[in-house]
Amino acid sequence: MSSDPQWKSFQPSTMDSDTAILDFKTLSIASPNGSPYNSGANGSSNHGHYNHYPPNYSSGGGGGGGGGGSSFPIGTFTGREGNDGGMNGDSNTNSSSSSNSNSFSQAQSGQQSQQNNSDGAYQNATRETGIIEKLLHSYGFIQCCERQARLFFHFSQFSGNIEHLKIGDPVEFEMTYDRRTGKPIASFITKIAPEVVLSEERVTGNVTTEIRSDGQGGETQGRISYENRGECFFLPYNKDDVEGNVTLRSGDKVSFQIAANPRGNLGASHVRLENPVHPVRYQGVVCSMKESFGFIERADVVKEIFFHFSESKNKEEIRLGDDVEFTIQTRNGKEVACNITVLPRGSIIFEDVNEETMKGQVLKPFERGQNGRHQNDPLPGRIKYRAPDHSESEVAFGDKDQKGDFTLRHGDWVSFRLATDRRDSLKRATDISLLDESFNVSGERREQGVVTAVKDGYGFLKCVEREPKLFFHFSEVLNVDKDVSVGDEVEFTMIQDQSSTLVSNMRQRAIRIKHLPLHTVKFENVMEHSVSGVVTKDVLPPYWNQRSPSKNQSNEKPEPGTISYTVNDSKKTITYYLKDCDHKSIPKVGDQVEFDIAQVKRNKEIVAINVKVSQRAAGGDRGDGALHQGYIAALKDGFGFIENLAHDMEVFFHFSNLDGDGNKLELGNEVEFILNIRGTSGTCMSAENVKVLPKGTLKSPTILPEVLDGKVVRPLRSVNPDQDQYAGLIQASTDTEGEKGAEYEFGITSLTNKRELLQIGDPVHFQVDSQGRAANVVAIRKKRRATVDSVKGLFGFLAYEVEEGKKLFFHMTEVKDNATLQAGDTVDFVLVTKHRTGKSSACNVTKVCENTQRPERLISRLRTTSVDDTGPKLTVLRQPKGPDGTKGFSIARVSRLPGVGVE
């Protein structure tokens, strides 16, 4: 055996003293004579050579010089192999180690014991190989590899730790017969490995030789030394044996497992750096944070590492998403990040994205919704594409790799770029966009429509070919760079919403929404142009007969008007709608009009479109025809109210009568308009041809300098629609108790904050103008502080409970300076409770500080990490507080010299 070159690197040493090596088990090959090991029939003498095993590990056919030179596979010695006379063979006289003698005695004693306990049937027993097929409470079954047999075995027959035995593990065993039943069973079972066998325990050692380049494109092996029972051993290792993307230096302390391959070569495997001789600085990004600890996503390996806030070396606190540098130490058997310093933003780059845009076809789309939540694979999607070498390739992608969250289907053509992770060279597709040719090959039915309503993250479409409005979510818009607005013309695919639990209530929704150029969508087919007629009935929205239209009424379909016209001496009547009229000149009864006749695609109705007044009827204008001026006093959904110059009444107007964009209107805007009478009663006035004037056009009265205190005794009618008077009333405070102070009216122009909801009893500061009206009215309210719980488009909720279990509502128009809010931000606000409804809301919301949100890239990679599920857990029941109720003492600490007291 000493002539084998694979053993020369280990001389001289006494392998029998290394228990870790003796625990190895390797797959042995049965010899022709039935023995599972080499018989050594032609064995040579071991005299004059250093033997790595004690004498009882060498077997031979006879005594003296006939001792066999072959050795048993490592760790499979059971004390029975050498009972054919090998004990009388050469005892390896050149080895004077006392441990060899002891090992020989122990092996001989064990052999004798095995011979006494057995009836001699094991002397010629053949060992077989098999696979663990089933494991039960205290027994299992082995499927034989060399023959069609399935053998029972008891856990007591396994030579190792039964906890390490798993289904599918390869094992070696001997077949015997159960003494009670006579059935064949497996006994003397040992676990083997088909290729590489590892020791179960990790060994600690030091690097003595580093891996270096050999100058020919290859690398030399490194060496690790470790001690066992006072003796020093050396094992080789390669770059692939080192865990993590680290470079080992001479003197580094490492832990490893001893490995043996089928040829018998021993080496270090799974080498892990424990404590470097010179601390190595690692880099990463903070990916999650708790109260006093967090985790860093490492830049060298695809792995997260724990850190405590106390390890930060910066004065500024560590924030989510920070690029950091740190060292690694092992504490309680776990790696932790230490000596953390913050790097400039953008220092850490995890992946390289190829600039070339590829084209491919979706083989497996990413499943969203309920099915997607149970995905274990972080990159479940697959795309097939043609590689630069013209070969067909597949690449994976995840849910964050699309440009948007639109629905992808099998067979879709997409464009994408390849991203390569620097840590493990894993490639994935990113920046995925859907190509138009997908709709040509998919065969899906594409429809057209117009966006009619936009809410928080979703909206509704008016479809060309279907009556009801169609729901859609912003995530289904293909062009993520374009904002969705009312009036956008789009193309889409309609599907049944599978999230609905009731079959009868299956909601339809639009997916894969593509923006179209303006004037592409046509709801009607024009049949005839430039037809003349006379209006016989006005078109009226149902809420124009109401002083304060309700939300439900404003969503109702408007009542159409009618036009009478003549065709070939035949008198006919046709309907028309307000949307088809010129909003600056709405036709009235008796007016002569010109229009086009069209057929509506969705219901085949014949209607008049493009209706224009050609000649007004005599006395047809029932308004005063004069130009009026005023201020925007209230804004609702699609309509509003104007306060007149006398500040004693409000006039209704609809956004359709506004010259401009209704979404840009603000409270207090100066406007001019024409009054018109609507309805049959002749008393309902509305404003038409509303036009916004430049600020300062309407002259304001002079304001007196004195600032008064008072309280609101009557609100504006916009706050309390049930009152008859429009103007609000403020009563000034007096120094004499019980004395009633002077009263001053106020309107929308009197308020410093036009969105202030003044209610009865609210204390205010105000001034008086030259007309005897209140001006610069400011409410005196207590400022409160809370954090933003959630934001949903145009409104949100604060983590402040007025009623039990209910968060406090606020509208985004109440946020000062147009600040952008997100969950976790700290804000100051004023609590307002409406007396009429009893509902509370937050007003005058001011952003104090923001909460750092987790970067989108890290959210997609974040994994739930458990520090230790086996040990005791600590739960914080109450956070510590200082004497003044804050998180710490408010008194600043003063530095002092040692031994010198502070006065």
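Residues numbered from 1 in each chain as written. Predicted model: local features only at pLDDT ≥ 70, side-chain atom pairs only at ≥ 80, totals over all residues. Heavy atoms only, no water.

### Here's the deal with the sheet that holds strand E44 (residues 795-801)
The cut-off we apply is this: Strand pairing requires that DSSP identify at least two bridges connecting the strands. Secondary structure counts use DSSP, requiring at least four H or I residues in a row for a helix and at least two E residues in a row for a strand, with both numbered from the N terminus. Comment: axis = line fitted to C-alpha atoms, over the contacting stretch for helices; angle = value between 0 and 180 degrees taken between N-to-C directions.
Here 5 strands make up a closed barrel; going around it, the order is E43-E44-E45-E47-E46 and the pairing mixed. Strand after strand, the sheet turns through a mean of 50° between neighbouring axes, direction not considered. Across 5 bridges, the pairing between E44 and strand E45 (residues 807-811) is antiparallel. What sits directly across from Phe797, in E45, is Phe809.

### A word on the pattern of salt bridges
Formally: Just to be clear on terms, a salt bridge is a Lys or Arg side-chain nitrogen sitting within 4 Å of an Asp or Glu carboxyl oxygen. Think of it in three bands: with a 1.4 Å probe and only protein chains considered, a residue is buried below 20% of the maximum accessible area for its type, exposed above 50%, and partly exposed in between.
Here the structure, examined in full by the defined rule, presents 38 salt bridges. Across the salt bridge formed by Arg409 and Glu444, the nearest N and O atoms sit 3.9 Å from each other. Taken as a pair, Arg409 in the loop between strand E20 (392-397) and strand E21 (413-421) and Glu444 in the loop between helix H4 (437-442) and strand E23 (446-454) lie far apart in primary sequence, 35 residues in all. Here Arg409 falls in the partly exposed class, since its relative accessible area comes to 29%. A salt bridge links Lys740 to Glu743; the shortest N-O distance between them is 3.7 Å. Relative accessible area serves as the criterion here: at 37%, Glu743 is assigned to the partly exposed category. Within this structure, Arg298, Asp300, Lys303 and Glu335 form a network of salt bridges that share partners.

### As for the nonpolar core
What counts here: In this description, a nonpolar core means a group of buried Ala, Val, Leu, Ile, Met, Phe, Trp, Tyr and Cys residues linked to one another through side-chain atoms lying within 4.5 Å. When checking whether two residues touch, look at their non-hydrogen atoms; a contact exists if any pair is within 4.5 Å.
Counting residues in each nonpolar core, the largest one holds 29 residues, and the members touching the most others are Phe256, Ile296 and Phe326. It is strand E11 (residues 266-275) that contributes the most residues to this core, 4 residues altogether. If we skip the residues at most four places from it in the chain, Phe256 touches Glu201, Arg202, Val203, Thr204, Gly205, Ile224, Tyr226, Leu235, Ala268, Ser269, His270 and Val271.

### Examining the pairing of E44
Two strands pair when backbone bridges link them, and strand E43 (residues 783-792) and E44 are joined in this way by 4 bridges, in the antiparallel orientation. What sits directly across from Val788, in E44, is Leu798. Hairpin remark: E43 followed by E44, antiparallel, with 2 residues in the connecting loop; positive phi at Gly793, about 75°. Between E44 and E45, which pair antiparallel in sequence order, lie 5 residues; one of them, Gly805, sits at a positive phi of approximately 85°.

### Some thoughts on the pairing of strand E28 (residues 524-537)
Summarising the sheet, E28 and strand E31 (residues 592-600) pair through 8 bridges and their orientation is antiparallel. Opposite Gly533, over in E31, you have Val593 as the bridge partner. Across 3 bridges, E28 lies against strand E29 (residues 561-567) in antiparallel orientation. Note that in E29 the partner of Val534 across the bridge is Ser564.

### Thoughts on the sheet that holds strand E38 (residues 708-714)
The strand order E40-E39-E38-E41-E42 describes an open sheet built from 5 strands, whose pairing is antiparallel. Here the strands that pair on one side only, and so sit at the sheet edges, are strand E40 (743-746) and strand E42 (774-779). Across the sheet, the mean angle from the axis of one strand to that of its neighbour is 40°, orientation sign disregarded. Two elements, strand E41 (residues 763-768) and E42, share 4 bridges in a ladder whose sense is antiparallel. Counted as the bridge partner of Gln767 is Ala775 from E42.

### A closer look at the packing of aromatic side chains
Spelled out, the test is: Centre distance within 6.5 Å is the pairing criterion for rings of Phe, Tyr and Trp, where only the six-membered ring of Trp is used; planes under 30 degrees apart are then read as stacked, over 60 as edge-to-face, and the remainder as tilted.
Summed over all chains, the structure comprises 26 aromatic pairs. Geometrically, the ring pair formed by Tyr282 and Phe326 is stacked, given 6.2 Å between the ring centres and 25° between the ring planes. Pair noted here: Tyr282 is in strand E12 (residues 282-289) and Phe326 is in strand E15 (residues 323-331), with a separation of 44 residues, a long-range link. Summarising the aromatic geometry, the rings of Phe293 and Phe295 are spaced 6.4 Å apart at their centres and angled 85° between planes, so their arrangement reads as edge-to-face.

### A closer look at the confidence of the model for the protein
Using the following cut-off: pLDDT expresses how confident the predictor is about each individual residue, on a scale running from 0 to 100.
When the pLDDT values of the protein are averaged, the result is 76; 73% of them are 70 or greater. The model gives residues 501-505 a pLDDT under 50, and that stretch makes 1 contact with residues more than four places away or in other chains.

### Section: the environment of Leu667
As for its placement among the helices and strands, Leu667 is situated in the loop between strand E35 (650-654) and strand E36 (670-678). A relative accessible area of 19% means that Leu667 is categorised as buried. The residues touching Leu667, leaving out its near neighbours within four places in the chain, are Ile632, Ala633, Ala634, Leu635, Lys754 and Arg755.

### Description of the side chain of Thr190
Quick reminder of the rule: Polar contacts, as used here, are pairs of N or O atoms within 3.5 Å; protein pairs need one atom able to donate a hydrogen and one able to accept it. Residues neighboring in sequence count only if both atoms are side-chain atoms.
By the element assignment, Thr190 lies in strand E5 (residues 184-191). Only 3.2 Å separates the side chain of Thr190 from the side chain of Arg127, close enough to count as a polar contact.

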